[in-house]
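The chain contents come next:
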Amino acid sequence: TRSEGTRLAPRRQRGVRRPRLSYTEQRRLAQLEQELPRLEHRRDELHRELVEAVGDHLRAGELAEALDAVMSELDQAETQWLELHMREEAATGELG
């Protein structure tokens with residue numbers, strides 16, 4: 001038996017496993033962290049070009065299509081990043 005003075009640090013409850021990110025998910029998270037600023041920059045660039053294209057309806061249409069595509073890609077990347085980031089935080093116990 002252990003004496004009161006030699007208690008060990010509390011353990012995680014048995015049976016409670018926090019799922020960790022797989023290697024592939026960790027790599028994807030790292031990729032997304034580099035990809036998001038690039039997509040945000042491209043979105044901002046297209047916004048500026050769209051404002052400057054006032055009066056050139058053909059160019060404005062092309063820019064609007066490109067902006068829609070970048071916004072869709074950015075939305076998907078942000079959602080995926082958030083899901084992976086939250087899972088990573090839950091696995092390491094860093095929620096808050």
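Residues numbered from 1 in each chain as written. Predicted model: local features only at pLDDT ≥ 70, side-chain atom pairs only at ≥ 80, totals over all residues. Heavy atoms only, no water.

Engineer: How should the overall build of the protein be read in this particular structure?
Structural biologist: Helix and strand counts for the protein stand at two helices and zero strands. For the protein, the proportion of its 96 residues judged to be buried stands at 16%. In the structure as shown, the protein presents an accessible area of about 8,000 Å², 50% of it carried by carbon and sulfur atoms. (Helix = DSSP H or I, 4+ residues; strand = E, 2+ residues; numbered from the N terminus. Buried < 20%, exposed > 50% of the residue type's maximum accessible area, 1.4 Å probe, protein only. Areas by Shrake-Rupley, 256 points an atom, 1.4 Å probe, with all protein chains shown as cover.)

Engineer: What is the right way to look at the nonpolar core in this model?
Structural biologist: Burial of nonpolar side chains together is a common tendency in soluble globular proteins. Grouped together as the largest cluster of nonpolar side chains are eight residues: L21, L29, L32, L36, L39, L74, A77 and L84. For this core, the elements supplying multiple residues, two or more each, are helix 1 (23-52) and helix 2 (57-92). The greatest single-element share of this core, amounting to four residues, is contributed by helix 1. If sequence neighbours within four positions are ignored, A77 has contacts with L32, E35, L36 and L39. Core analysis: the next-biggest nonpolar cluster, separate from the first, contains five residues, A53, L63, L67 and V70 among them. (Core = buried A, V, L, I, M, F, W, Y, C linked by side-chain atoms within 4.5 Å. Contact = heavy atoms within 4.5 Å.)

Engineer: What is the right way to read helix 2 from this model?
Structural biologist: Since the α-helix turns once every 3.6 residues, residues separated by three or four places project in the same direction. When the terminal C-alpha atoms of helix 2 are compared, their 51 Å separation across 36 residues agrees well with the 52 Å that a helix rising 1.5 Å per residue should span. L63, L67, V70, L74, A77, L84 and A91 are the residues of helix 2 that are buried. Residues of helix 2 that are buried in the fold lie against helix 1. (Expected span 1.5 Å × (residues − 1).)

Engineer: What am I meant to see in the pattern of salt bridges here?
Structural biologist: A pair can form between side chains of opposite charge whenever their charged atoms are brought close. Tallying each qualifying case throughout the model produces eight salt bridges. Where E49 meets R42, a salt bridge forms, and the shortest distance between an N and an O atom there is 4.0 Å. For E49, a relative accessible area of 25% translates into the label partly exposed. For R42, a relative accessible area of 32% puts it in the partly exposed group. Here R59 ties to E62 by a salt bridge, and the two come within 3.9 Å at their closest N and O atoms. Placement of the pair is R59 and E62 together in helix 2, with a separation of three residues, close to one helical turn. Judged by its relative accessible area of 43%, E62 falls in the partly exposed class. Here the salt bridges share partners, and the residues they tie into one network are R42, E45, E49, R59 and E62. (Salt bridge = Lys/Arg side-chain N within 4 Å of Asp/Glu carboxyl O.)

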